[in-house]
Amino acid sequence: MEKYPRADERSAMVEHQIRARGISNSRVLEAMREIPRHIFIPHPYDTSAYEDNPLPIGSSQTISQPYIVAQMTELLDPEPGDNLLEIGSGSGYQTAILAVLSYHVTSIERIPSVANLARKNLAAINIKNVRILVGDGTRGYPVDAPYDGILITAATPDIPQPLIDQLAIGGRLVAPVGGRESQELVSLTRQVRGLVKSSHGGVRFVPLIGEYGWAENA
């Protein structure tokens, strides 16, 4: 991948915000060093792109803090041949991280203007193994199923059943699950005999709106 400006800031972000907090997957750390987060954040917030904070991207949406992106990616543990589904494209930053670690990413975004922003940002850094779709992500996308990994980037009251159904045997799903104000980061692995679940601490995400998520005006 092309070398982008602010590499020293990305390196410091990885060392002090991510590795120091226990993220150890070398492929995830390298992806976080490579992908220029500032490209995915609108001005004037891009000046703070490598700080330890979520930031607004417009349309009442946010880009997660770098550590949370790294944590969720490490829990998903994508492999080079994996077919992934992302629910909530946002500005495309998490999508880009997944893309460089896998074979293909299908990403569903509810808000058309945000989907267009993600497409523009991904094109700017020549990420091509991604399909951005506009729709209700809680329904998934059966056309490309089964998925080796599914990442939900918004708060869901429960894991949507259609997403579980579209997860491959041996596949992993990572999501913030709980109320609209606070959630628990949950990882699921689908096995032949059922689902294996683990929890990984408290988080706070914008709500997942959709048929199997939150009502828009709830």
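So, here's what we can say about the structure. No experiment lies behind these values; they were computed from the predicted model shown.

### A closer look at the pairing of strand β6 (residues 147–152)
- Most of β6 sits out of view: five of its six residues are buried.
- Bridging between strand β3 (residues 83–87) and β6 involves four bridges; their strand directions are parallel. In the sheet register, L84 faces β6, and the bridge partner there is G149.

### Concerning the packing of helix α1 (residues 7–18) against helix α3 (residues 66–76)
- At a closest axis distance of 10 Å, the pairing of α1 and α3 adopts a crossing angle of 75°. Taken together, the axes of α1 and α3 lie roughly perpendicular to each other. Across from M13, Q17 and I18 in α1, the residues of α3 making contact are P66, Y67 and A70.
- Its residues assigned to classes, the contact of α1 with α3 shows five nonpolar, one polar and no charged.

### A closer look at the packing of aromatic side chains
- Summed over all chains, the structure comprises one aromatic pair.
- The lysine or arginine in question, R21, covers the ring of Y67, its NZ or CZ lying 5.1 Å from the ring centre.
- Directly above the ring of Y93 sits R37, whose terminal nitrogen or CZ lies 5.8 Å from the centroid.

### Some remarks on the sheet that holds β3
- Ordered by their spatial adjacency, seven strands build an open sheet running β5-β4-β3-β6-β7-β8-β9, and the pairing between neighbours is mixed. At either end of the open sheet lies a strand with only one pairing partner, and these are β5 (130–134) and β9 (194–203). Across this sheet, the average inter-strand angle for adjacent strands is 15°, counted without regard to direction.
- The strands touched by α3 within the sheet are β3, β6, β7 (167–178), β8 (183–191) and β9, with β7 carrying the most contacts at an inclination of about 150°.

### Considerations on α1
- A rise of 1.5 Å per residue sets the reference length of α1, with its twelve residues, at 16 Å; its end C-alpha atoms lie 15 Å apart and thus fit the reference within 8%.
- Along α1, the residues that are buried comprise R10, M13, V14, Q17 and I18. Down the axis of α1, the smallest arc covering the buried residues is 110°, so these residues share one side. Of the exposed residues in α1, those oriented more than 90 degrees away from the buried face are D8 and H16.

Thresholds, definitions, all that
- Note on numbering: residues in each chain are counted from 1, in written sequence order.
- Local features are withheld for residues below a pLDDT of 70 in this predicted model, meaning they are given only at 70 or higher, and side-chain atom pairs are given and counted only at 80 or more; totals for whole chains, interfaces and linings count all residues.
- Side-chain measures were taken over the full set of non-hydrogen atoms in the model, leaving aside hydrogen atoms and water.
- Categorising residues by exposure relies on relative accessible area from a 1.4 Å probe, with only protein chains included: less than 20% of the type maximum marks a residue as buried, more than 50% marks it as exposed, and the intermediate range marks it as partly exposed.
- Here a strand is any run of E in DSSP of at least two residues, a helix any run of H or I of at least four, and the numbering for each starts at the N terminus.
- Strands were regarded as paired on the criterion that DSSP finds at least two bridges between them.
- In this analysis, axes come from line fits to C-alpha atoms, helices being fitted only over the stretch in contact, and the angle between any two N-to-C directions falls in the range 0 to 180 degrees.
- Orientation categories follow fixed angle ranges, with anything under 35 degrees roughly parallel, anything over 145 roughly antiparallel, 65 to 115 roughly perpendicular, and all other angles oblique.
- Whether two residues are in contact is decided by their heavy atoms, any of which lying within 4.5 Å being enough.
- Here the nonpolar group is Ala, Val, Leu, Ile, Met, Phe, Trp, Tyr, Cys and Pro; Asp, Glu, Lys and Arg are the charged ones; every other residue, Gly included, is treated as polar.
- When two rings of Phe, Tyr or Trp (its six-membered ring) have centres within 6.5 Å they constitute a pair, described as stacked for plane angles under 30 degrees, edge-to-face for angles over 60, and tilted for the intermediate range.
- Any Lys NZ or Arg CZ that is within 6 Å of a ring centre and within 35 degrees of that ring's normal is treated as a charge sitting over the ring.
- Residue count minus one, scaled by 1.5 Å, sets the expected span of a helix.
- The directions considered for the arc are those from the helix axis to the C-beta atoms.

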